[in-house]
Each structure stands twice: as structure tokens, then as C-alpha cells.
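Residue-level listing of the chains:
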There are 2 protein chains.
Amino acid sequence: MMQLNVSLGERSYPIFIGHGLLSDGAVLRGCLQAQDLLLVSNTTVGPLYAELLTAALPDRRIVDVRLPDGEQYKTLEYVSRVLDVLVANRFGRDCTVLALGGGVVGDMAGFSAACYQRGVAFAQLPTTLLAQVDSSVGGKTGVNHPGGKNLIGAFHQPVAVFSDTATLATLPPRELRAGLAEVIKYALIFDAVFLDWLEAHAAELLALQPEALAHAIRRSCELKADVVRRDEREAGDRALLNLGHTFGHAIEAATGYTQWLHGEAVATGMLIAADMSARLGLLSDALVSRVRDLLRRFDLPVQAPRIGAQRAFDYMGVDKKVKAGRIRLVLLENLGAARFTADYSNDALQATLAAHFG
Amino acid sequence: MMQLNVSLGERSYPIFIGHGLLSDGAVLRGCLQAQDLLLVSNTTVGPLYAELLTAALPDRRIVDVRLPDGEQYKTLEYVSRVLDVLVANRFGRDCTVLALGGGVVGDMAGFSAACYQRGVAFAQLPTTLLAQVDSSVGGKTGVNHPGGKNLIGAFHQPVAVFSDTATLATLPPRELRAGLAEVIKYALIFDAVFLDWLEAHAAELLALQPEALAHAIRRSCELKADVVRRDEREAGDRALLNLGHTFGHAIEAATGYTQWLHGEAVATGMLIAADMSARLGLLSDALVSRVRDLLRRFDLPVQAPRIGAQRAFDYMGVDKKVKAGRIRLVLLENLGAARFTADYSNDALQATLAAHFG
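The present account deals with the structure reproduced in this document. It should be emphasised that the depicted structure is a prediction, and the values quoted were computed from it without experimental measurement. (Residues numbered from 1 in each chain as written. Chains lettered and ligands numbered in written order. Predicted model: local features only at pLDDT ≥ 70, side-chain atom pairs only at ≥ 80, totals over all residues. Heavy atoms only, no water.)

## Quick word on the overall build of chain A
Alright, step 1. A count of helices and strands for chain A gives 14 helices and 13 strands.
Alright, step 2. In summary, chain A has a C-alpha radius of gyration of 20 Å against a globular reference of 21 Å for 358 residues, a match within 12%.
Alright, step 3. In terms of overall dimensions, chain A has a C-alpha envelope of 60 × 40 × 35 Å along the principal axes.
Alright, step 4. Relative to its 358 residues, chain A shows a buried fraction of 62%. (Helix = DSSP H or I, 4+ residues; strand = E, 2+ residues; numbered from the N terminus. Rg over C-alpha atoms; globule rule 2.2 N^0.38 Å. Buried < 20%, exposed > 50% of the residue type's maximum accessible area, 1.4 Å probe, protein only.)

## Looking at the interface of chain B and chain A
One widely used convention gives an interface's size as the accessible area the parts lose upon coming together.
Alright, step 1. With 33 residues of chain B at the interface, the matching set in chain A holds 33 residues.
Alright, step 2. The interface formed by chain B and chain A includes zero salt bridges.
Alright, step 3. There are eight residue pairs in polar contact (both at pLDDT 80 or more) connecting chain B and chain A.
Alright, step 4. Of all elements in the fold, only α3 (76-88), α4 (103-115), β7 (140-145), β8 (148-155), α13 (309-317) and β10 (322-323) of chain B reach the threshold of two or more residues within the side of chain B that touches chain A.
Alright, step 5. For the side of chain B that touches chain A, the leading source of residues is β8 of chain B, giving six residues.
Alright, step 6. Among the residues forming the side of chain B that touches chain A, the class breakdown is 14 nonpolar, eight polar and eleven charged. (Contact = heavy atoms within 4.5 Å. Salt bridge = Lys/Arg side-chain N within 4 Å of Asp/Glu carboxyl O. Polar contact = N/O pair within 3.5 Å; in protein donor to acceptor, adjacent residues only side chain to side chain. Nonpolar A, V, L, I, M, F, W, Y, C, P; charged D, E, K, R; others polar.)

## Some thoughts on the environment of L353 of chain B
Residue and element names in this part refer to chain B.
Alright, step 1. Here L353 shows up in helix α14 (residues 346-357).
Alright, step 2. The buried category is assigned to L353, whose relative accessible area is 0%.
Alright, step 3. Taking the C-alpha atoms as reference, L353 lies 50 Å from Q33; in sequence the two are 320 residues apart.
Alright, step 4. Setting aside residues up to four positions removed in sequence, L353 forms contacts with F247, A309, A312, F313, M316 and G358.

## Comments concerning the pairing of strand β6 (residues 121-126) of chain A
Residue and element names in this part refer to chain A.
Alright, step 1. For β6, a buried count of five out of six residues is recorded, marking the element as mostly surrounded by other parts of the structure.
Alright, step 2. Two elements, strand β5 (residues 96-101) and β6, share six bridges in a ladder whose sense is parallel. Within β6, the position partnered with T96 by the bridge is A121.
Alright, step 3. Considered for its hand, the β-α-β crossover made up of β5, helix α4 (residues 103-115) and β6 is right-handed.
Alright, step 4. Pairing between β6 and strand β9 (residues 160-164): two bridges, direction parallel. (Pairing = 2+ DSSP bridges. Right-handed = clockwise from strand over helix to strand, strands pointing away.)

## A look at the packing of helix α10 (residues 245-254) of chain A against helix α14 (residues 346-357) of chain A
All names here are of chain A.
Alright, step 1. The interhelical angle for the contact between α10 and α14, taken along N-to-C directions, is 45°, at an axis separation of 13 Å. The angle between the axes of α10 and α14 places the two elements in the oblique class. For α10 against α14, the interelement crossing comes out right-handed. Residues F247, A250 and I251 of α10 pack against L349, L353 and F357 of α14. (Axes fitted to C-alpha atoms, helices over the stretch in contact; angles between N-to-C directions. Parallel < 35°, antiparallel > 145°, perpendicular 65-115°, else oblique. Left-handed = near helix turned anticlockwise from the far one by under 90°.)

## Details of helix α6 (residues 173-190) of chain A
Think of an α-helix as turning once every 3.6 residues; residues three or four places apart then point the same way.
Alright, step 1. The end-to-end C-alpha distance of α6 of chain A is 26 Å, a good match for the 26 Å that 18 residues give at a rise of 1.5 Å each.
Alright, step 2. Within α6 of chain A, 14 of the 18 residues are buried, which leaves it mostly tucked inside the rest of the structure. (Expected span 1.5 Å × (residues − 1).)

## Section: the sheet that holds strand β5 (residues 96-101) of chain B
Residues and elements named next belong to chain B.
Alright, step 1. Judged by pairing direction, the sheet is mixed, and its seven strands sit side by side in the order β1-β2-β9-β6-β5-β3-β4 without closing on themselves. Since the sheet does not close on itself, it has two edges, and those belong to β1 (2-6) and β4 (61-67), each with one partner. Ignoring which end each strand starts from, the neighbouring axes of this sheet average 20° apart.
Alright, step 2. Direction of pairing for β1 relative to strand β2 (residues 13-18): antiparallel, over a ladder of five bridges. For N5, the partnering residue across the bridge sits in β2 and is P14.
Alright, step 3. The sheet strands contacting helix α2 (residues 45-56) are β3 (36-42), β4, β5 and β6 (121-126), and the helix crosses β3 at an angle near 155°.

## Here we look at the sheet that holds strand β2 (residues 13-18) of chain A
Strand pairing in a sheet is mediated by backbone hydrogen bonds. Such pairs are either parallel or antiparallel.
Residue and element names in this part refer to chain A.
Alright, step 1. Pairing in this open sheet of seven strands is mixed, and the strands run β1-β2-β9-β6-β5-β3-β4 from one edge to the other. Across the chains shown, the open sheet's two edge strands, defined by having one partner strand only, are β1 (2-6) and β4 (61-67). With strand direction ignored, the average angle separating the axes of adjacent strands in the sheet is 20°.
Alright, step 2. Contacting β3 (36-42), β4, β5 and β6, helix α2 (residues 45-56) crosses the sheet at an angle of about 155° to β3.
Alright, step 3. Against the sheet, α4 makes contact with β3, β4, β5 and β6, and its axis sits at roughly 170° relative to β5, the strand it touches most.

## Details of the relation of the copies chain B and chain A
Alright, step 1. Of the transformation superimposing chain B on chain A, the axial component is 0.0 Å and the angular component is 180°, with the fit at an RMSD of 0.0 Å. Look at the turn and shift together and you get a two-fold axis relating the two.
Alright, step 2. Here 100% of the contact residues of chain B are again contact residues in chain A; the copies associate through an equivalent surface. (Least-squares fit on C-alpha atoms with pLDDT ≥ 70 in both.)

## Focus on the packing of helix α3 (residues 76-88) of chain A against α3 of chain B
Alright, step 1. Taken N-terminus to C-terminus, the directions of α3 of chain A and α3 of chain B make an angle of 155°; their axes are 11 Å apart at the nearest point. The pairing of α3 of chain A with α3 of chain B is recorded here as roughly antiparallel in orientation. Seen along the crossing, α3 of chain A lies across α3 of chain B with a hand that is right-handed. The segment α3 of chain A lies against α3 of chain B, with L76, S80 and L83 of chain A engaging L76, S80 and L83 of chain B.
Alright, step 2. Considered class by class, the residues forming the contact of α3 of chain A with α3 of chain B number four nonpolar, two polar and no charged.

Okay, structure coming up:
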């Protein structure tokens, strides 16, 4: 088992990474002192792992809530149902909410914890690679709105994250690849050496080779924890993590959040961002090709849906990265180096959108 | 015009108290830099003051939202509607939400601001005495749940509070008295000298004498700001502000949040807390009588509804002040001195409930 620490003053918390953590009562009990636990999962993950976890914490009162599985249920309405369960069971301020599942469960359980009695503790038990390397680290919680993704939410840090790599065995291969897209993202933004390593170990990762997975998760969490520590409230560097997300949001919103997995949209979004960086003279065409080849090696999509440049632009406009009406974007200056900026030509943006969405 | 400062590090903010502040463009512009403003009010206050405020800020884009008037609309559903307006108008992270109205508007506008894009700025423009002395100071925002009051919410500090005493001229007398109940509360908890002053100036306050009102608001805000500064997240001293609230919540919940004003329930709740303190030997019977007389002088209710002790106890149980199943209460050690404790005999609590609710 490995342990990392996310340093955020009084909101610091540990991340544990290991095989079989969900049934490791000693590790779980070390960080979860509450008597009353609300276990939030969904109808896919709950049947696989809820019993294991409950058995590892026999001395606690655990109330089990299972949400329907899917991003389309990440709404205020379902958060409201989770809150109903907390109230109905008379949970006090000293309870802890456990998020067992992927990013959707984590976002909803975390936002429920943030809102219940103006904030109770929560812990993440991510069971997808995406959640293990991304959404379980950093304290972002929330739900979607018909007008845009993650428009409603809160910053609420977990008290601990337990990433059990054994759970990846039950993950559909397509979701594994979507998680690897986020791993690639960290490398593209921060770490060219890690990018080389990913190019060399694609086959092992896709084959779920345990040591390769553990290394990829650990390095991703380190890179994310480091940027969250520097910029908890997303005023600066943390915005770099949105590489590929603004274009990706347009893909997800245009397709109703149902056809593309988040990581798939981010993968294509990163390629679009790389292409736009090349159009602005920041990145060579050869490096854009290297990004495309890497995504293909991980069997990730590289072509956005042909929804038209104007519609893509409209969907980008409701994104949170708008500052005084101007869309700010994360662009690449090199592989392993990114910038967040509103300083680009509109012609380059329009040409990029036309090439990928037109 | 007076100015106080609530010292909370990077979340510090000013409170302005004065006659005619809502039309004082210079003061408003000094604290409200955002171009996009969402003006949240209700169908009672909006028609009285929204135009005044809009005229004072002619260079801004102001979107006007008017909620139905009443505590029964303080729900997640109506917060969801406010969020819909923010999304529909494509407000970015740099917008500011303005709360123009009483505590209900402040709670809902503040919680909407806390949730929108994981937190945007908001400012309070309280138009009731209760909101001016209580809910606009301290950063508590949120909504009710059928299972209990304020069970859903966030701590979100305003960027500024503008308390215009001229607005009290349009306040129904019953609401003025409910606000004075909270003023009495600060005196009972913290300041015996202020309590003497209130006993001596009851007539002037009820007659809306401007200097008396300004003194009462200023001293109340000072006392509240001081305790919020010491304990922003309500881990300690801030809980003292709940004097009368646990008993008061039972009154409000049992009557569906419609028959009693919050301040009225708190008034009766404070008398019940004083009575229980006397039963525990903390306070003399003479001081309990002094509390009762003072409340009567302000024409505030001193008799709880006869809902029965058991029902009152049940409603207290879902209150946020439960710690590991035990109800903690604010009790009086003297006039001007309170304690927050779970160290009391159940017999005294049951006798108190039987005497007031039985």
C-alpha cells in the first residue's frame, strides 16, 4: 500500500493506493472515526463492493444509498434524494458520507456532504481509474445543469481517499481507457518524462498490469495533489487541469452527456487544444501528431462529432472558464508544459473549431 | 453612515449601516465591482426597492429575480430556479449575487451564490431588522427541508453588507418586534449593559426612533461579528448564538414554519431556555421573570404552542445541535452569560418541555 498526502493546511488529507483496500478494516478505521456512515454508491458498484466494505466496518451504523448509474442522473434532484436519506436517518453533523463508485458518485456524494447541515465529512472510495486519478483528488463536487456541466457545486475536501486497484478488474475496458486519457492529460500538462513512460507502457496499462497501473495512479495523484496544494480554489495553476475540457464540454453537452465518456471527450479535446496551439505557433505539427498517435495507441477517440463550429462555440460559452465574456483556454507550449490564457486570435479558434466540429 | 468590519482573514468584509444606503451609488460601487449582478428579492420587497437600487448602479447589467414571499418557499426547488436564471443569462464566475430582502432572501441568494460554479460573490442588502442584526452577518446560507429547518446549506461569506435603516419604515410592526427578539438575544448571551439599555429604550425602538435603532443594530452586529470572527465554522462559541433556537425550532417545525415568525419562536425559546437554566440552578427565578417581562414589553410571545412534550422533543432531535445522539443546549448562567452544553439532567429537560409544551 502507498500513501500520499495532499497538503491543504487544516483541510489536508491522505490518499491510500493499494490492492484490496476496500476490505482492509484497519486502514479504513484509521481515517473514518464517525459512528454514522452514509454509503453512497450506484446500482452497478453497490452490488459488487458495498457488502465487502460493510463487513470491514462491523461496529458502525452504515446506511446504504444506491443511485441509478449514469452521468444523466448527476442532477440536483438526485442530490436532494441523498439529503432526504440523511435527514430521514437523523444523521448529525458528526456523520461521514462515503462515496463508493466513479466520478459521478463522488461528485454527488461530495456535494451532498458539502450541503448537509452546511458541511459534513466525506471520504472517497473510487472504483474507476478516472475517479482514482482525477475526481477523487481536489475537492471539486457538484452536479450538472441542463445548461452545462458541473455548473452547480461546491469545493469540499474529503477526509481521505482510498483507491483500491483491485476494483479495476470489474471496470469495462472503455472506462479504463477513458481513465487513461486523464493520466495522459497530467503528462501533457506537467511531465514530459511521464509522457515517455506512458508511450512505452501503453500495452501493460491496457492489460491491467498491476505495477504499471499503480505507477500511473501514483504519479497522476502526485501531479494533481501538487497543483491542488498550490491553488485549492482554482484561481491560477489549477485551471491548467482543464486541458481538453472546454472543447470536451462542447462534445459532451452537444451529445447530451450520454454518448461520450468524460475521459473520451477530454482525449479528443486535448487533441483539439494541441491543434489550436500549433495554429498559434506554440507547438510543432510533429508534436500534435505525437499526441494523436498516443491517443490512438490507447484506443481513444480523436474525432469530435460534426456538430458545426458555431454550436461548439455556443456550448463552450457557458463553460466556467469564461472571464468577462472571453473564453479562456488551456493551450500547450510543449509536451509537459501548458498555459491558461485568453490571449489568442479568434481566427485561430474559429479555424480550429471548423477543422474539428465543422 | 457607520462601518464595521468582520475580520475573517481573506474572507473579511465590511458592514455599512445608514439611512438611504440603497440609493447611495458611491458606497455601493465601492464594494460591488462586478459588471453582471443578479438581484434576488421577493414579490414584496422587489416592488419597493429594486428600482432604487438599479437606478443607483446605471452602468451595470442587472438581472432581477423575484421569489414568492415566505419561509415556506425557502426550499432547494426555489434555489434551483435562481440557479436556472444564472445559467440562462450565462453569468460567469465573476458575477455577484445581491440579496435584497429579509433573511429568507438572504439565505436563498447566498446559497445560490455558494453553489453556482462552486461559489460566486454575493452581497447582502437586508431590508428587515432581523436580517440586519442576524442573518446578514456570519455567512450562513441555506434552505429548509421537510424534516427540519436549515438542514441544507453552506457557509459562504458575503463581500459586503449594506443595512439601510430607511427600509424599516415599510416593515410590518410584527416583523420589527421579531427582529428585536434577536437583539435581546445578543444582550442575554453577551452583554448585560446592553440588556439594561434595551429595557430602558423599548418604547423608542418600537416607535422606530432612528438613533435608538441605529445603536441597537450596531451593537448587535458588533457582538455577532465578534463571535463569528472567533468561530467562523461554528465549532465553539458561535453555537451560543443558538440561544432559544433549539426550543424555537420545535415551535416552528410543529407549526409548519408558517404561523410563528422566526424571531417570535426564538423569543419564546429563550424564555424556555432561561426557565430550564433556573431548573438546573444556574439562574434565579427572579432573572427568569426579568426575561419574561422584557419580552412582554416588546410584545413578544412567551407561551409555546401546546403540542406536547414528546412531540417537541422529537422536533428538537433533528436539530443540527445533536452530538452523538445527545441534544446540546444553550443555557444561561446569568443575564449576559451563556454556555453550550450537553451536561444537564434529562429530568430537567423533560420538566421544562412539559411546563411549556405540555
